[in-house]
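Inside the fold
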Amino acid sequence: MAPTTHATPTHTALSTAEKAFELLTCEPAPLMFDARPVPGLPDRPLPLDELRTLLLGEHHSSDTTDVLWRQLAHHAREWGPAWVVGAIGVALPALTHLAARISRGSRRHADDVDSEVLAGFLDALRTADLAPPRLWLRLCWAGWRAAVAVVKVDDGEELPPDLATGSRTPRMPYGHPDLLLGRAAAAGLITPDTAELISATRFGDALIEHLAGEQGVTASALRMRRRRAEHLVAAAVSRGDLSGPIPSGYRAQALTMAVEPSEGGAPRRENRKEPRRASSAR
């Protein structure tokens, strides 16, 4: 009879964080979040696991989400390690989903992706500017940017020695628009700020007029910036540039493609600084 083997359970950074969150929220004294100052939430203190379940089960406005995460981030910064674990625990469903998306097709990176998603999110939780809107989106983007670098650094190590030639239909890059935008930003085709602009206005509930007011530009200028970036990404998808490993020289090529004449005829780069970013911790 063959010897019985036992699979060793995999413990990643995210699964370890979940265990810590379970201990933090178990009876008889679960960590409680005061939801009364947060519009759209029940007018009472909530155990953090109940808060997480509530957030998963209902859609809340961006105003509610901003107030909630400002309060959680403040607690994590001022009230000690338990609240760091608590804030991470509330975010874990989203972080786990994000990590699974990034490591899809690169399972050997899964543990590292989990660690970097958590580390990037935690760093932003501790350091991000809490005043500007869309805090939750900015925290998630920080986790994504940290994790995608793990896969990107090792992108070309397993290329086969011989690649088939000829035309082919480009493969769809990843499965979620945010990941496609992030890959375009990682390649240097667009800036992370512009990727966030597209994500917030196309797939989130941010109004472009509101963002334009924050950045001190007109809404038409911001729409033009978004449209130019979307055309660059669409062309890259059509060529298949965002489906496989990004060639080492692609970033320089992408920056050249992003130069467009301005109204005065001078070159304009898509990755120029945006007015608000000088004072924003994004």
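Use the structure listed above.
Quick summary incoming for the structure in this document. (Residues numbered from 1 in each chain as written. Predicted model: local features only at pLDDT ≥ 70, side-chain atom pairs only at ≥ 80, totals over all residues. Heavy atoms only, no water.)

1. A word on helix 4 (residues 81–103)
- In this model, helix 4 (23 residues) spans only 28 Å end to end at C-alpha, well below the 33 Å of a helix rising 1.5 Å per residue.
- Along its length, helix 4 reaches its greatest deviation from straightness, about 55 degrees, at Leu92, and the proline Pro93 lies no more than four positions downstream.
- Phi turns positive, to about 85 degrees, at Gly105, one or two residues after helix 4. (Helix = DSSP H or I, 4+ residues; strand = E, 2+ residues; numbered from the N terminus. Expected span 1.5 Å × (residues − 1). Bend = angle between axes of the 7 residues up to and from the residue.)

2. Quick notes on the pattern of salt bridges
- Throughout the structure, instances matching the rule amount to four salt bridges.
- For Arg44, the salt bridge identified is with Glu50, shortest N-O distance 2.6 Å. (Salt bridge = Lys/Arg side-chain N within 4 Å of Asp/Glu carboxyl O.)

3. Examining the nonpolar core
- Among the nonpolar cores identified, the biggest contains 60 residues, and Phe33, Leu48, Trp69, Leu72 and Ile102 are the most heavily contacted of them.
- Looking at this core, the element that brings in the most residues is helix 4, giving eleven residues.
- Not counting residues within four places of it along the chain, the set of residues in contact with Leu72 comprises Phe33, Leu48, Trp83, Ala87 and Val90.
- In terms of nonpolar packing, the next biggest core, distinct from the first, is built from eight residues, Ala206, Leu211, Ala219 and Leu222 among them. (Core = buried A, V, L, I, M, F, W, Y, C linked by side-chain atoms within 4.5 Å. Buried < 20%, exposed > 50% of the residue type's maximum accessible area, 1.4 Å probe, protein only. Contact = heavy atoms within 4.5 Å.)

4. Regarding the environment of Glu50
- The topology assignment puts Glu50 in helix 2 (residues 48–57).
- Looking at Glu50, its side chain comes within polar contact range of the side chain of Arg44, at 2.6 Å. (Polar contact = N/O pair within 3.5 Å; in protein donor to acceptor, adjacent residues only side chain to side chain.)

5. With respect to the environment of Ile208
- Inspection of the secondary structure assignment puts Ile208 in helix 9 (residues 208–215).
- A residue is classified by how much of its surface remains accessible, and Ile208, at 6% relative accessible area, is buried.
- Apart from residues lying up to four places away in sequence, Ile208 is in contact with Thr201, Leu222, Arg223 and Arg226.

6. Regarding helix 5 (residues 110–127)
- Taking 1.5 Å per residue as the helical rise, helix 5 with its 18 residues ought to reach 26 Å, and the 26 Å between its terminal C-alpha atoms agrees with that figure.
- When helix 5 is considered as a whole, its buried residues turn out to be Ala110, Val113, Asp114, Val117, Leu118, Gly120, Phe121, Leu122, Ala124 and Leu125.

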